[in-house]
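Secondary and tertiary structure notes
Take a look at the letters that make up each chain.
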Amino acid sequence: MVTNLPAEAKAKWIKVMEARTIEEKIQALEEFLSSVPKHKGTEKLRLWATRRLAELREELEEKKRKKSGRGVSFFVEKEGAAQIAVVGLPNSGKSLLVHKLTGAKTVVSEYPFSTLTPVPGMLKYQDVLFQLIDLPPLQRSGALYNRVIGIARNADGLLIVLNAENNIINEFLEIKSILEDAGIVIKEPRGRVVLESYRTGKSGIRVTIMGKLLDCTVEDVKKMLESYRIYNAHVKIYGEVTLDDVEQAIFENILYKPAIIFVNKVDIRDPTEEIEQLSNLAPIEILKGSAARGDGLENIGKALFTALKIIRIYTKSPNGPVSDKPLILKEGATIEDVAESIHRDFVEKFKFARVWGSSVKYPGERVGLGHVLKDGDIVEIHIKG
């Protein structure tokens with residue numbers, strides 16, 4: 001096991017997963033943390049659990065404030081195809097950028113820390129809407145640290161804004177360090193596990209492999225999950241994955257977030273040489289421009305779409321028109337994912353599907369639940385009865 005957890009700690013982690021309310025989660029996580037032995041193999045897990053406790057306590061305080069009508073809520077409900085946390089150091093120009101991209105009424109000021117609460121806005125790219133969240137500046141400590149990190153961890157991706165007036169390499173390394181200390185990485189790992197655990201409405205553990213299991217079999221994966229009393233789940237394997245990686249996904253103490261970089265204020269200083277150096281350090285797409293002049297903003301939507309590795313799937317009923325609004329799914333999504341997105345009965349009553357698009361050999365090809373789809377495909381599902 002990656003963390004060498006004793007049976008007592010595993011049992012207490014099960015209580016964490018079963019907890020429903022914030023109060024129950026806090027109590028269960030405190031008990032779990034007290035049962036985790038202190039040694040090198042558990043350092044990262046203990047650090048994550050401690051930070052998660054701080055986040056939960058912040059959530060509890062916010063819940064109390066909201067109930068009493070005191071203070072401003074920091075929670076932003078997800079809308080659109082994906083929620084993107086816009087992060088950067090003080091005076092990077094995040095607020096003006098979000099305003100120019102979405103029209104949101106952000107707080108634009110020359111003074112640092114003028115943004116104290118999250119401000120959402122919608123960015124349209126073709127027929128996809130991204131929800132951008134303007135956040136207070138990243139910092140290593142302070143009253144807002146846990147709240148800002150909490151939104152970044154919950155978001156589907158990151159838009160990192162660097163200030164061309166400063167040394168953008170130093171800025172990037174500082175932001176990367178802050179994020180990594182909080183358990184957020186922007187470099188896609190060699191392998192990745194997405195674990196969707198269900199409490200009701202599902203039956204059994206389903207494993208979809210879009211890569212390779214290195215040291216185990218599908219049965220080993222199922223047995224390990226069952227040892228944590230996870231009996232209903234969909235496990236998606238991307239790249240090269242070990243059994244330890246699967247177990248790590250149960251805790252989610254390290255989160256990979258797709259990200260892009262926007263080097264802002266290039267109208268003030270041209271950092272071309274630094275951008276070339278940065279490209280060797282940052283394993284993500286780097287854009288440059290000026291929020292003040294509106295330069296380069298037109299490239300951000302496409303870059304986010306690519307970084308998030310999402311696809312648009314258009315549905316239609318038999319003999320009906322194609323939907324105007326697409327389903328937004330991850331690359332590697334199958335007909336089964338489409339059926340589940342429509343209604344779980346569509347999986348149970350599934351007969352076959354017809355697909356038009358680049359994933360099939362000819363228009364209207366008849367396929368099964370396991371067929372892997374591509375961006376822009378049109379899907380028509382036929383069910384029994």
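In case you missed it, the structure is sitting above this.
Residues numbered from 1 in each chain as written. Predicted model: local features only at pLDDT ≥ 70, side-chain atom pairs only at ≥ 80, totals over all residues. Heavy atoms only, no water.

Remarks on helix α8 (residues 243-251)
All buried positions along α8 are accounted for by V246, E247, A249, I250 and F251. Of the residues one or two after α8, E252 is the one with positive phi, at around 55°. (Buried < 20%, exposed > 50% of the residue type's maximum accessible area, 1.4 Å probe, protein only. Helix = DSSP H or I, 4+ residues; strand = E, 2+ residues; numbered from the N terminus.)

With respect to a negative patch on the surface
Residues D215, E219, D220, E226 and D244 make up a contiguous surface patch of negative charge. Looking at which element gives the most residues to the negative patch, the answer is helix α7 (residues 218-226), with three residues. Structurally, E226 can be placed in helix α7. (Patch = residues over 30% accessible without salt bridge, like charges linked within 9 Å, V, L, I, M, F, W, Y side chains within 5 Å. Areas by Shrake-Rupley, 256 points an atom, 1.4 Å probe, with all protein chains shown as cover. Salt bridge = Lys/Arg side-chain N within 4 Å of Asp/Glu carboxyl O. Lys, Arg positive; Asp, Glu negative; His and termini not counted. Charge placed at Lys NZ, Arg CZ, Asp CG, Glu CD.)

A word on the packing of helix α1 (residues 7-18) against helix α2 (residues 22-35)
Orientation of α1 relative to α2, taken along the N-to-C sense of each, is 165°, at an axis distance of 8 Å. Between α1 and α2, the interaxial angle falls into the category roughly antiparallel. The chirality of how α1 crosses α2 is left-handed. Taking contact as the criterion, the partners of E8, A9, K12, W13, K15 and V16 in α1 are, on α2, A28, L29, E31, F32 and S35. (Axes fitted to C-alpha atoms, helices over the stretch in contact; angles between N-to-C directions. Parallel < 35°, antiparallel > 145°, perpendicular 65-115°, else oblique. Left-handed = near helix turned anticlockwise from the far one by under 90°. Contact = heavy atoms within 4.5 Å.)

Digging into the packing of aromatic side chains
Think of a pair of aromatic rings as described by two things: how far the centres are apart, and how the planes are tilted against each other in angle. Counted according to the given criterion, the structure contains three aromatic pairs. Ring centres of Y125 and F305 lie 5.8 Å apart, and the angle between their planes is 45°; this geometry places the pair in the tilted category. Taken as a pair, Y125 in strand β2 (residues 119-125) and F305 in helix α10 (residues 300-308) lie far apart in primary sequence, 180 residues in all. Through successive ring pairs, a cluster of aromatic residues spans W13, F32 and W48. Here the guanidinium or amino end of R192 rests over the ring plane of Y238, the centre of that ring lying 4.6 Å away. (Phe/Tyr/Trp six-rings, centres within 6.5 Å; stacked < 30°, edge-to-face > 60°. Lys NZ or Arg CZ within 6 Å of the ring centre and 35° of its normal.)

Things to note about the sheet that holds strand β3 (residues 128-134)
Sheet architecture is open: six strands sit in the order β2-β3-β1-β4-β10-β11, paired in mixed fashion. Only two strands of the sheet have a single partner each, and these edge strands are β2 and β11 (286-288). Pairs of neighbouring strands in the sheet enclose a mean axial angle of 25°, with direction left out of account. (Pairing = 2+ DSSP bridges.)

Quick notes on the sheet that holds strand β6 (residues 191-197)
With mixed pairing, the three strands of this open sheet are ordered in space as β6-β8-β7. Unpaired on one side and paired on the other, β6 and β7 (205-213) mark the two borders of the sheet. For this sheet the average axis-to-axis angle between neighbouring strands, irrespective of direction, equals 5°. Across nine bridges, the pairing between β7 and strand β8 (residues 233-241) is parallel. Within β8, the residue paired with R206 across the bridge is H234. Contacting β6, β7 and β8, α7 crosses the sheet at an angle of about 130° to β7.

Notes on unusual backbone geometry
Trans is the common state for peptide bonds, and a negative phi is the common state for residues other than glycine. Of note, Q126 is a non-glycine position whose phi angle comes to about 55°, a positive value. With respect to the helices and strands, Q126 occurs in the loop between β2 and β3. Positive phi, close to 65°, is recorded for K265, a residue that is not glycine. Here K265 is to be found in the loop between β10 (259-264) and α9 (272-281). Owing to a relative accessible area of 18%, K265 belongs among the buried residues under this scheme.

What about the packing of helix α6 (residues 168-181) against α9?
Following both chains from N to C, one finds α6 and α9 inclined at 25°, their axes separated by 9 Å at the closest point. Relative to α9, the element α6 is oriented roughly parallel. In contact with I168, I169, F172 and L173 of α6, α9 contributes E274, I275, Q277, L278 and L281. Across the contact of α6 with α9, the residue classes tally to seven nonpolar, one polar and one charged. (Nonpolar A, V, L, I, M, F, W, Y, C, P; charged D, E, K, R; others polar.)

Details of the environment of L96
Positionally, L96 belongs in helix α4 (residues 94-102). A C-alpha to C-alpha distance of 42 Å links L96 and T208, two positions 112 residues apart in sequence.

A short note on the pattern of salt bridges
For the coordinates displayed, the defined rule picks out 17 salt bridges. The partner of D134 in a salt bridge is K94, with the nearest N and O atoms 3.3 Å apart. In this pair, D134 is assigned in strand β3 and K94 in helix α4, connecting sequence segments 40 residues apart. A residue is classified by how much of its surface remains accessible, and K94, at 5% relative accessible area, is buried. Here R140 makes a salt bridge to D181, at a shortest N to O gap of 2.8 Å. Of the two residues, R140 is situated in the loop between β3 and α5 (145-154) and D181 in helix α6; the sequence distance between them amounts to 41 residues. By relative accessible area, which is 41% here, R140 ends up partly exposed.

Notes on the pairing of β8
Across the nine residues that make up β8, a large majority, seven, are buried. Pairing of β6 with β8 involves seven bridges; the strand directions are antiparallel. For V193, the partnering residue across the bridge sits in β8 and is I237.

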